[in-house]
Amino acid sequence: GVLTYNHARYITQALQTILAQSGEFRLRLIICDDASSDDTVNIIRSIAQSPNNQIEVSLNENQVNVGMSNNFRILIDKIKESGCDYFTFCEGDDYYLASNRISQLLALAMENPDKAVLWNRVCIFFQDEERYEIFHPSLIKDNANTEDLVAENFIGNLNASFLRSDVLDYIDNTFDDVSLFADWFFHLYCSQYGDIQLLNQPLTLYRKHQKG
């Protein structure tokens, strides 16, 4: 799942690193654009036309800007409708650092079917300073739970997670406070239905910039 809004400067790199993913899986790429006013959608359409038998691309275009939390809720609903086994994210101004990110997390998830949330370490790019830094939470352990995540948002970024799809069965129409749809709260919610497993490698990049 990809969230985009005025990401024309970054979306090519984000999508290229997703389309470069390889492994024993079928991948559906669902993009939700929140009424971008720049060239983001045209760039997405151009990239989506490139043939890739392993990856199916679909684009949802909001006709008006609904905000990140509401756009995230739309994306979650579309992921639920897709019938996937697992799901993951990449925001439109971020990107993946390895072409086997998904295959590594998928293998780890299949080895640990009781885990609801898996995550990899994150590299932060401070764009205005042109500086890279590995995110170092104070809590880094292979197996964690909801209580650990309440104490600290150690996952740190939406793009770092890889989740079992059945957790979405518990998100229904009663879960309607979309203002709470942010990465920390979302991961907390999902972790109620299984523990949290770490893949201790920096496999995603989170771009910090003034318009992010």
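Residues numbered from 1 in each chain as written. Predicted model: local features only at pLDDT ≥ 70, side-chain atom pairs only at ≥ 80, totals over all residues. Heavy atoms only, no water.

A few points about the nonpolar core
Across soluble globular proteins, nonpolar side chains have a tendency to be buried as a group. Of all hydrophobic cores here, the largest spans 31 residues; its most connected members are Phe89 and Phe186. Secondary-structure elements contributing two or more residues to this core are strand S2 (27-33), helix H3 (68-82), strand S6 (115-126), helix H6 (183-190) and strand S10 (195-208). Discounting residues that sit within four places of it in the chain, Phe89 has contacts with Gly1, Phe72, Leu75, Ile76, Ile79, Tyr96, Arg101, Leu158, Asn159, Ser161, Leu163 and Phe186. Counting 25 residues, the second-largest nonpolar core is a separate cluster that includes Ile43, Ile44, Ile55 and Leu108. (Core = buried A, V, L, I, M, F, W, Y, C linked by side-chain atoms within 4.5 Å. Buried < 20%, exposed > 50% of the residue type's maximum accessible area, 1.4 Å probe, protein only. Helix = DSSP H or I, 4+ residues; strand = E, 2+ residues; numbered from the N terminus. Contact = heavy atoms within 4.5 Å.)

Considering the environment of Val2
Turning to its location among the elements, Val2 is positioned in strand S1 (residues 2-4). For Val2 and Glu91, which are 89 residues apart along the polypeptide, the C-alpha to C-alpha distance reads 5.1 Å. Once you skip the residues sitting within four places of it in the chain, Val2 turns out to touch Ile11, Ile18, Leu29, Ile30, Ile31, Cys32, Leu75, Cys90, Glu91 and Gly92.

Here we look at unusual backbone geometry
If you check the backbone angles, Ala35 has positive phi at about 60° while not being a glycine. Position of Ala35 relative to the elements: it lies in the loop between S2 and helix H2 (40-48). Exposure remark for Ala35: the relative accessible area of 25% places this residue in the partly exposed category.

Let's talk about the packing of helix H1 (residues 11-19) against H2
Packing of H1 against H2 leaves a shortest axis separation of 10 Å and a crossing angle of 30°. If you check the angle between H1 and H2, you find them roughly parallel. For the element pair H1 and H2, the recorded crossing hand is right-handed. Contacts from Ile11, Thr12, Leu15 and Leu19 in H1 reach Thr40, Ile43, Ile44 and Ile47 in H2. When grouped by side-chain class, the residues that make up the contact of H1 with H2 number six nonpolar, two polar and no charged. (Axes fitted to C-alpha atoms, helices over the stretch in contact; angles between N-to-C directions. Parallel < 35°, antiparallel > 145°, perpendicular 65-115°, else oblique. Left-handed = near helix turned anticlockwise from the far one by under 90°. Nonpolar A, V, L, I, M, F, W, Y, C, P; charged D, E, K, R; others polar.)

A closer look at H3
Compared with an ideal rise of 1.5 Å per residue, which puts 15 residues at 21 Å, H3 spans 21 Å between its outermost C-alpha atoms and is within 8% of the ideal. Restricting attention to buried positions, one finds in H3 the residues Asn71, Phe72, Arg73, Leu75, Ile76 and Ile79. Two residues or fewer past H3, Gly83 is found with a positive phi of approximately 75°. (Expected span 1.5 Å × (residues − 1).)

Comments concerning the side chain of Asn71
Here Asn71 shows up in helix H3. Reaching out from Asn71, the side chain makes a polar contact with the backbone oxygen of Cys32 at a distance of 3.1 Å. (Polar contact = N/O pair within 3.5 Å; in protein donor to acceptor, adjacent residues only side chain to side chain.)

A look at the pattern of salt bridges
Inspection of every chain in the model, using the stated rule, returns eight salt bridges. With a shortest N-O distance of 3.3 Å, Asp114 and Lys115 are connected by a salt bridge. Its relative accessible area of 48% is what places Asp114 among the partly exposed residues. Note on Lys115: relative accessible area 9%, which makes it buried. One salt bridge in this structure joins Arg131 and Glu129, with 2.9 Å as the shortest N-O distance. (Salt bridge = Lys/Arg side-chain N within 4 Å of Asp/Glu carboxyl O.)

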